[in-house]
Structure formats: C-alpha cells, structure tokens
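Take a look at the letters that make up each chain.
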Amino acid sequence: MSIARTPARVIGSIFLFSSATGFIPQNEHRIRTFDKRTRIVPPYDEWKRQQVTRASAVVAEDEEAPSEAGNAEETEASVSKISIIREGATQIGHPNRLTTIFPNDFIVHRDRGIGQFVGVEVDDGREVIKLEFGKNEPVWVGPEDRSRLSKLKSADASNPPRLTPLTPRGQKLWDDRLRKVRENAEETAQDILSLYAARNDVVRDPCPKDDARLEGFERTFAFEATPDQQRCFDDVTKDMVYSRTPMDRLVCGDVGFGKTEVALRAIYRAVLAGRQVALLAPTTVLAAQHHRTLLKRMPDVSVCFLRGGTSQSKQGKALRETIANGTAQVVVGTHALLSKTLTFHKLQLLVVDEEQRFGVAQKERLKAMATGVDVLTLTATPIPRTLQMSLSGIRDLSTLRTAPPGRKEVETHVVKFDPALVEAAIKREMARGGQVFFVVPRIAEIDRSVAVLEELIPEARVLVAHGRLNDVEQRVIAFSEGEADVLVATTVIESGLDLPNANTIIITNPHMFGLAALYQLRGRVGRSPVPAFAYFMYPPDTAMTVDALRRLQAIKELSRLGSGFELANRDLEIRGAGAIIGKQQTGRGRA
C-alpha cells in the first residue's frame, strides 16, 4: 500500500465515493453497454468486446407468479412495479474505475463541486455530458474530462445534497471543503500507516509445511475443489506457512461456495502445529452446526462447544478449565468466546464466521484477542467498512466466485403478500418431497403466521424456531431430519445452515431486513441440484423508505450465483463505507 493510494480512498468518501463499485477494464476507454433487464453487468470479457456509447437499464418485477407444478394451483401474484425504467446512462471516473450514472444522479466535479447529471448530448460529433450546478447553471464536460467526475448519490437519495453555485463565493466554499478533506485524508493515512507498522512489528513462528496427516485430511473433502477454492487454500497456506506476520485475511464467498472448507483446512493445520483455535459464530444454531462438522471431519481432535449462560454451572466451569489448560484444541462458540473472564491456553488462530453479524463492541474485543494471532474471517456479504478496508488493501482479501458443480440460481420474486401464492408455493414444495422456510422479522409475528399457515395448508407439519427458545438447536435439527414441512423462524436461521432438502423460502416484510440479511436468508435454499425459489413478500400499501426500496431492488437484481460480492458493493453504495479508523461501520465520510 502506498501513501498516495490511501488518501485517494479517504478523499473518495467525499468525491470518489463510488470508486469501489466500478469495474476494471483493460486498455478500454469507450463507454460500454448496460442494457440488461436488470442492473447485473455482463461478464467482464463480454464488456471488453463491446464498443457502444449509450446505456440503459430496466429494473422491474415479474408481471405474474410462476406456474405451479404437481397438485398446486396456478396462481397469479399481485405484483406492483417497485422500480422504474432508467435510460440515458453513461459512465464517468477514471478508466480503471468506471461508474455508471443515470440522469438526475448527483455527481461531483473535482474542480467545480456538486452537480446533477442531466444527460448526454452530441457536440461537433462527440458526446459531452451536461451537468447542472446551483441555480440551474449548466456545464458541459467532454470525454477528456470524465475522469474528473465521480458519482455522489443516486437520484432517489433520501437526503439530496445541495448543488454548488458557480459563483466566486460558491467556489471558495468548495475549495475550503476540499482542503479539509485533504487534511483529514493525510491524518487518516498516518493512522493507517501506524496500524500497519504496529502489525508488522508483531511476528509469530510460521506453521510447518504440509505433512501426510494434512494431506489425508484434505482427501476427506467429499467434493472436487473449485479453482477459486484452490486459490483460497493457497492464499491461507501462504499466510500461515510462509509468513512470519500474523494472518488477517477476509474470505468473501457466496453462500454455499465452500468458505467452511477453507476454514477447516486452516484449523487442522493450526492443530497439527500444536496451536489452539477458536471458531466464533454469531448464532447458537450456526455454532452447533460447526461443532458437528468439526467432530465429523476431525475425530482425532479435541473439539468443545462453549455456550452462553453456562459460565457459573459446574459443566461450564469444567469446560472453561479445559480451554485454559489447553486440553481443548478447538473451541467453538458464540459471543461467549468474547468474555473477558475466558482464558485461552495458546490461542493462535481465530476464525470468525459471518463477520457482518457482530457489532462494534464485539469487534473491539476481537482486536484485543487477536494481537499476534492469525485471523481468518468468513463472510458472504461483508459490512461496508470491512469491504472498503479489503478493497483498500488494509486487509488481505480472497474471493470465491465459482459455483460448485450442480448448483443452480435461486428463482427470486419480489411481490406483494398473497395468501394464494403462499399456499401454492408451499404445496408445490411439499409435492416434490421438499421443505419450506417461512421467515418473519419479529418473534411477535410468529403465532399469527403459524395460524395463517395452518388455515391455508392444514396438512403441513409446522415447526417454530427463534432465539428465545432454549431448544432452538434441537428444533432446527428436527427440521433437518424431516420432522416438519415448514419451519417458521426469525433470522436465527440466517447464517450458514446447510439443509439441502429445503428449497423454498418465503420472507415476509422484507423491507424490515438489511440487505446482507436478505441475501443470507435467500442462501438457505438452493444448496442442491433441485430448482429453488425465494419469495420476498411485502405488505400491500406499505410506505417504504428509499433505502428499503433500493434493498429490494438489489435483492431482485442480484440473483445469479456468485453475486454476494456485487451485493456487498451495492450495500457499500447504499450505506456508505463507515470509518476505516474508528467505530462507524457504515455511512459517508464527512469533510
């Protein structure tokens, strides 16, 4: 990382904000097409071949529900258009960091200030961008100056910015603002350099190179590794075996793309080196699943499961003693692992699953735990600050973009809540011997939802799971073993559950969930070759915030396999990057 790059990133929070969401062309300065029915971009190589100078995008829902097979009745959903046709797009920014803008989007001209994109016009045979600044003052920007423009906010921003007047006073205010940003950028750069210097001062002995036991463990993986998985394996091996600096790597991969196997190999390597490992998960259900997986894959390793609320029990004290004296080689748990009263014997590897589910206070505790410790973070949709740190080079990043063989896209529908569609979707899944997730945002809504389902499909076996139940793990296990047809649950099922027989999910009031939560919930289905369906059902006549509407647009548009990283970029655009140095995990940088 160079000093020059860091200020550019921080300044970007003001006038290069969308740089993280651009695409990287090679020797290609012309504007490329954006003419899909959704805002999903074409493959990179296809973009390179196209030579067009206009762009448009249509973001719209399906006009009717899919036909139902078997004994289920065909049902048409009452669907409203939650998005609009947006035409006349163009691209701005540095040729290596192009960003798409639409008419009425707010942009920043590096020399003139904040303006609004009006459209593309032709002047003397070349395309120029028309902008409007304060008091409707127009400015035309030629192709040679597009790199001086960057996107600030979309046209539908809930708090539109004030346009900069093209007056001497307006220009002075803009110059003062830039000066403050540069000063803040330099200060932040020094903080980041200090952080790197402190990190590089800490050394630890590398792990031994591969041996027969590790190779034997790798052969127990029941699938052929994808190219991206193999790349991640190599990255982690390089960090743990060939570097004396503690690992700090983020593995970003779509749900079901093999992040867990990356973690398992790192864990086994650390155990063979005589090191203690902690695996932190956000929910008891996910932690219990990891515990079962470790016991199955590593029968020769001492694995324990530390639950919350057991510190004072006889069993809990005995378990903590085994962690303190090193008898427990791998410790799996939730927030109980972050307790200040918990003592590790020789913690050398910390694996954090679903990092986006932890708050700032927990992450501050993680930093204290991770001094001199290898850290491997797994996520499908990193929070904006984590993504920005990885894109900036502050954290090492490995991505899993290749779907395992046989995986299919989840057919996604964003529709108004329709009892007839709920009935048809559940009956279709039951007719093919599958199971259904029915997700609500609040525990208070569960009883009402169960009553509706029992009235619609009386023959369905319904099970309930939420975080306040002491036996929630057993309920999820019972569902996985086929003891129920429908699981009515909260976001307790959001992270990591692998139930191949459940291939339909219905999410009610989706506008009340965050974008990462919506994506994770959809990832609970589609983990087998069977076609999977996800229904995001919002109440009729519901007033939504602009950001909620944009989240529903994003979840509809980014439905293809491997789109988790793109969705995280969209989340970065919607919520902002937060404070790289500090506790703010989302939001815009300020001058």
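Residues numbered from 1 in each chain as written. Predicted model: local features only at pLDDT ≥ 70, side-chain atom pairs only at ≥ 80, totals over all residues. Heavy atoms only, no water.

## Section: unusual backbone geometry
Then step 1. Positive phi outside glycine occurs at Lys 135, with the angle close to 60°.
Then step 2. With respect to the element layout, Lys 135 can be found in the loop between β6 (126-133) and β7 (137-141).
Then step 3. With a relative accessible area of 71%, Lys 135 lands in the exposed category.
Then step 4. With a phi close to 50°, Asn 509 is a non-glycine residue in the positive phi region. (Helix = DSSP H or I, 4+ residues; strand = E, 2+ residues; numbered from the N terminus. Buried < 20%, exposed > 50% of the residue type's maximum accessible area, 1.4 Å probe, protein only.)

## Description of the confidence of the model for the chain
Then step 1. Per-residue pLDDT for the chain averages 75, and the proportion of residues at 70 or more is 71%.
Then step 2. Confidence over residues 383-388 falls short of pLDDT 50; this stretch has 33 contacts with residues more than four positions distant or in other chains.
Then step 3. Contacts from residues 574-591, a stretch scored under 50 in pLDDT, to residues over four places away or in other chains number 62 contacts. (pLDDT = per-residue confidence, 0-100. Contact = heavy atoms within 4.5 Å.)

## Some details on the sheet that holds strand β11 (residues 303-306)
Then step 1. Strand order in the open sheet made by the seven strands is β11-β12-β10-β13-β14-β9-β15, with parallel pairing throughout. Two strands bound the open sheet, and with one partner strand each, they are β11 and β15 (396-400). Taken pair by pair, the neighbouring strands of this sheet meet at an average axis angle of 20°, ignoring direction.
Then step 2. Examined bridge by bridge, strand β9 (residues 248-253) and strand β14 (residues 374-379) share five bridges and lie parallel to one another. Across the sheet, the residue bridging to Asp 248 is Val 375, located in β14.
Then step 3. Here helix α5 (residues 227-241) sits on the sheet in contact with β9, β13 (347-353), β14 and β15, set at roughly 155° to β15. (Pairing = 2+ DSSP bridges. Axes fitted to C-alpha atoms, helices over the stretch in contact; angles between N-to-C directions.)

## Concerning the nonpolar core
Then step 1. The biggest cluster of nonpolar side chains holds 37 residues, and the ones touching the most others in it are Ile 267, Leu 294, Val 330, Leu 349 and Leu 376.
Then step 2. No other element matches the eight residues that helix α6 (residues 259-272) contributes to this core.
Then step 3. In contact with Val 330, not counting residues within four places along its chain, are Ile 267, Val 271, Val 277, Leu 294, Val 301, Ser 302, Val 303 and Cys 304.
Then step 4. Among the nonpolar cores identified, the runner-up in size contains 33 residues, and Val 410, Leu 487, Ile 507 and Leu 521 belong to it. (Core = buried A, V, L, I, M, F, W, Y, C linked by side-chain atoms within 4.5 Å.)

## Some points on helix α11 (residues 419-431)
Then step 1. Counted at 1.5 Å a residue, the expected span for α11 with its 13 residues is 18 Å, and the 18 Å between its end C-alpha atoms agrees.
Then step 2. Restricting attention to buried positions, one finds in α11 the residues Leu 421, Val 422, Ala 424, Ala 425, Ile 426, Arg 428 and Glu 429.
Then step 3. Here α11 starts with a cap whose side-chain oxygen sits 3.0 Å from the backbone nitrogen of Ala 420, and that cap is Asp 418.
Then step 4. Phi for Gly 433, located one or two positions after α11, is positive at around 80°. (Expected span 1.5 Å × (residues − 1). Polar contact = N/O pair within 3.5 Å; in protein donor to acceptor, adjacent residues only side chain to side chain.)

## A look at the pattern of salt bridges
Then step 1. Going through the model one piece at a time under the given rule, you end up with 19 salt bridges.
Then step 2. Between Arg 213 and Asp 211 there is a salt bridge whose closest N-O contact spans 3.4 Å.
Then step 3. With a shortest N-O distance of 2.9 Å, Arg 265 and Glu 261 are connected by a salt bridge. In this pair, Arg 265 and Glu 261 both sit in helix α6, four residues apart, roughly one turn of the helix. For the pair Arg 265 and Glu 261, a shared accessibility class is recorded, and that class is buried.
Then step 4. One salt-bridge network, held together by shared partners, links Asp 235, Asp 239 and Arg 249. (Salt bridge = Lys/Arg side-chain N within 4 Å of Asp/Glu carboxyl O.)

## Considering the side chain of Thr 283
Then step 1. Within the secondary structure layout, Thr 283 lies in the loop between β10 (276-280) and α7 (284-297).
Then step 2. For Thr 283, the side chain forms a polar contact with the main-chain nitrogen of Leu 286, separated by 3.1 Å.
Then step 3. When residues no more than four places from it in sequence are discounted, the contact partners of Thr 283 are Thr 334, Arg 357 and Val 492.

## Thoughts on the packing of aromatic side chains
Then step 1. What the rule picks out here adds up to three aromatic pairs.
Then step 2. Ring plane angle 15° and centroid distance 4.4 Å describe the contact between Phe 217 and Tyr 268, whose orientation is recorded as stacked. In this pair, Phe 217 sits in helix α4 (residues 212-218) while Tyr 268 sits in helix α6, placing the two residues 51 residues apart along the sequence.
Then step 3. For Phe 217, a relative accessible area of 4% corresponds to the buried category.
Then step 4. For Tyr 268, a relative accessible area of 6% corresponds to the buried category.
Then step 5. Consider the rings of Phe 221 and Phe 223, whose centres lie 5.8 Å apart with planes at 70°: the pair is edge-to-face.
Then step 6. Judged by its relative accessible area of 62%, Phe 223 is exposed.
Then step 7. The ring centre of Phe 217 lies 4.6 Å from the NZ or CZ of Arg 297, which sits over that ring.
Then step 8. A cation over an aromatic ring shows up here: Arg 428 above the ring of Phe 533, its NZ or CZ 3.6 Å from the ring centre. (Phe/Tyr/Trp six-rings, centres within 6.5 Å; stacked < 30°, edge-to-face > 60°. Lys NZ or Arg CZ within 6 Å of the ring centre and 35° of its normal.)

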